[in-house]
Amino acid sequence: SLGRSRRTGYVCVQHEQAGAMAAEAYARVTGNLGVALGTSGPGATNLITGICCAWFDSIPALYLTGQVNRHETKGRRRVRQIGFQETDIISIVRSITKYAIQVTNPRRIRFELERAVWLARSGRPGPVLVDLPVDVQHAEVNVARLPRFRPPRVRRPNLQPAISRTVAWVSAAQRPVLIAGGGIKLAHAQREFRRLVQQLRIPVVATWSGIDVLPHDHPRYVGQFGVYGSRAANYAVQNADLVISVGSRLDTRQTGGQPRTFARAARKVVVDIDPGELRKGWVTADLPIAADAGDFLRALLASRSPRLRPEVADWRRRCADWRRRYPAVLPAFHRQRGSVNAYVFIQALARALAPGDVIVADEG
């Protein structure tokens, strides 16, 4: 069926782990749904590392795995395996997927695929897995008569009270900082975020996942903060009196190991689509807002409040001075002889790249 489809492009990889990672990378780059197909047993378990990556970074991806014939499955029998390479992949991936199902009724295939795709994209995105026994794959079905999945209506929260308080806190702040998280991209709200930055005119720092939300030569951009971040960005966060975090779960690599000391003098407005992230007890938000990043940004912009332009010229100059004094590439790095400094190399590479070039990064 996939071979006959003219609407579906197929990329052959050499290993299922590469396929799993390629699917979620495709979703990151395009904003579309990535799909990976693997066989049963080791083919399914080889997908797991890529599935984990999609799970933790909230990337929508669909994983399809093969399975032995229904009559070859062990079911409730107290054996390890009956069919060749029979592996209970559903139980294995249940904790790292939004939805995992084995389709045992061929007439349910459309319903389960549509439900899986909707769940992968809705709310906080993430990976889903559909397991397909061989005899179910071979079944003849009348597509027009297959039951469909009807998505439930999603109620949008009333953001007005939170928006009013945020506006008041911005107006009163003397050292505000805006945190750009990866949730802004997942909400397809980069344009709204940049409009807000233009209006607020306050310093911006980025998380690892949100590092490309704002151009790095933007006058308000201070840098990436956290354990892997720059000194300038960390100075800005640690000396702020107001932090507005949009679309970031504020994990340990950003806050450091002592969350009580994170942004120690600041009120914290934290916007996250996942209520569980707001209740996890790591960083205590003074104003937790369970909402889609795009919905929050649009609501804040729609307030059109003149108080959303605080008088913080001195604070902007201080953050700009930190960025100038503490660059990632120090002048001494350019004078090194006998080897290539990694920071200098990356800076030279960045200058040589054209917009739209794709970089595949390794860890090392």
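One can find the structure itself at the top, above this paragraph.
The text that follows walks through the structure, step by step, so that each part is easy to find. Given the structure is predicted, the values throughout are model-derived calculations rather than measurements.

Comments concerning the packing of helix α10 (residues 231–238) against helix α14 (residues 313–325)
Part 1 of the argument: The interhelical angle for the contact between α10 and α14, taken along N-to-C directions, is 150°, at an axis separation of 8 Å. Classified by the angle their axes make, α10 and α14 are roughly antiparallel. In this structure, the crossing between α10 and α14 has a hand that is right-handed. Contact with α10, carried on its side by Ala232, Tyr235 and Ala236, involves Trp315, Cys319, Trp322 and Arg323 of α14 and no other residues of that element.
Part 2 of the argument: When its residues are assigned to classes, the contact of α10 with α14 shows six nonpolar, no polar and one charged.

A few points about the pairing of strand β4 (residues 127–133)
Part 1 of the argument: Of all seven residues that make up β4, seven are buried, and the element is covered over most of its length.
Part 2 of the argument: Side chains Pro127, Leu129, Asp131 and Pro133 project from β4 onto one buried face, and the interleaved Val128, Val130 and Leu132 project onto a second face that is buried too.
Part 3 of the argument: Two elements, strand β2 (residues 61–67) and β4, share seven bridges in a ladder whose sense is parallel. Of the residues in β4, the one forming a bridge with Gly66 is Leu132.
Part 4 of the argument: Bridge analysis of strand β3 (residues 99–102) against β4 gives four bridges, and the strand direction is parallel. When the bridges of β4 are listed, Ala100 appears paired with Leu129.

Some details on the sheet that holds β4
Part 1 of the argument: Taken in spatial order, the four strands of this open sheet run β1-β2-β4-β3, and their pairing is parallel. Looking at the sheet topology across the chains shown, the edges are occupied by β1 (34–38) and β3. Going across the sheet, the axis of each strand differs from the next one's by a mean of 15°, ignoring polarity.
Part 2 of the argument: Sheet topology note: the β1/β2 ladder contains five bridges and is parallel. Within β2, the residue paired with Gly38 across the bridge is Thr65.
Part 3 of the argument: Its contacts with the sheet place helix α3 (residues 48–56) against β2 and β4, and it is angled at close to 145° to β4.
Part 4 of the argument: In this fold helix α5 (residues 109–121) packs onto β2, β3 and β4, with an angle of close to 165° to the strand it touches most, β4.

Comments concerning the sheet that holds strand β7 (residues 221–224)
Part 1 of the argument: Taken together, six strands build an open sheet; the order of strands is β7-β6-β5-β8-β9-β10 and the sheet is parallel. Here the strands that pair on one side only, and so sit at the sheet edges, are β7 and β10 (287–290). The sheet shows a mean angle of 15° between the axes of neighbouring strands, direction not considered.
Part 2 of the argument: Pairing of strand β9 (residues 267–272) with β10 involves four bridges; the strand directions are parallel.

Some points on the environment of Leu33
Part 1 of the argument: Checked against the element boundaries, Leu33 lands in the loop between α1 (16–30) and β1.
Part 2 of the argument: Given a relative accessible area of 12%, Leu33 falls into the buried group.
Part 3 of the argument: Sequence separation between Leu33 and Val344 is 311 residues; the distance between their C-alpha atoms is 36 Å.
Part 4 of the argument: The contacts of Leu33, once residues within four sequence positions are left out, are Tyr26, Pro60, Ala61, Leu62, Val117, Ala120 and Arg121.

Some thoughts on the pattern of salt bridges
Part 1 of the argument: Per the counting criterion, the structure on display carries 18 salt bridges.
Part 2 of the argument: As a salt-bridge pair, Arg70 and Asp135 come within 2.8 Å of each other at their nearest N and O atoms. Residue Arg70 is found in the loop between β2 and α4 (89–93), and its partner Asp135 is found in helix α6 (residues 134–137); the two are separated by 65 residues along the sequence.
Part 3 of the argument: Under the relative-accessibility criterion, Arg70 is labelled partly exposed at 34%.
Part 4 of the argument: Here Lys280 and Glu277 are joined by a salt bridge, their closest N and O atoms 2.9 Å apart.
Part 5 of the argument: According to the relative accessible area criterion, Lys280 is partly exposed, its value standing at 37%.
Part 6 of the argument: Owing to a relative accessible area of 16%, Glu277 belongs among the buried residues under this scheme.
Part 7 of the argument: It is possible to trace a salt-bridge network through shared partners that takes in Arg124, Asp274, Glu277 and Lys280.

Calculation notes
Residues numbered from 1 in each chain as written. Predicted model: local features only at pLDDT ≥ 70, side-chain atom pairs only at ≥ 80, totals over all residues. Heavy atoms only, no water. Axes fitted to C-alpha atoms, helices over the stretch in contact; angles between N-to-C directions. Helix = DSSP H or I, 4+ residues; strand = E, 2+ residues; numbered from the N terminus. Parallel < 35°, antiparallel > 145°, perpendicular 65-115°, else oblique. Left-handed = near helix turned anticlockwise from the far one by under 90°. Contact = heavy atoms within 4.5 Å. Nonpolar A, V, L, I, M, F, W, Y, C, P; charged D, E, K, R; others polar. Buried < 20%, exposed > 50% of the residue type's maximum accessible area, 1.4 Å probe, protein only. Pairing = 2+ DSSP bridges. Salt bridge = Lys/Arg side-chain N within 4 Å of Asp/Glu carboxyl O.

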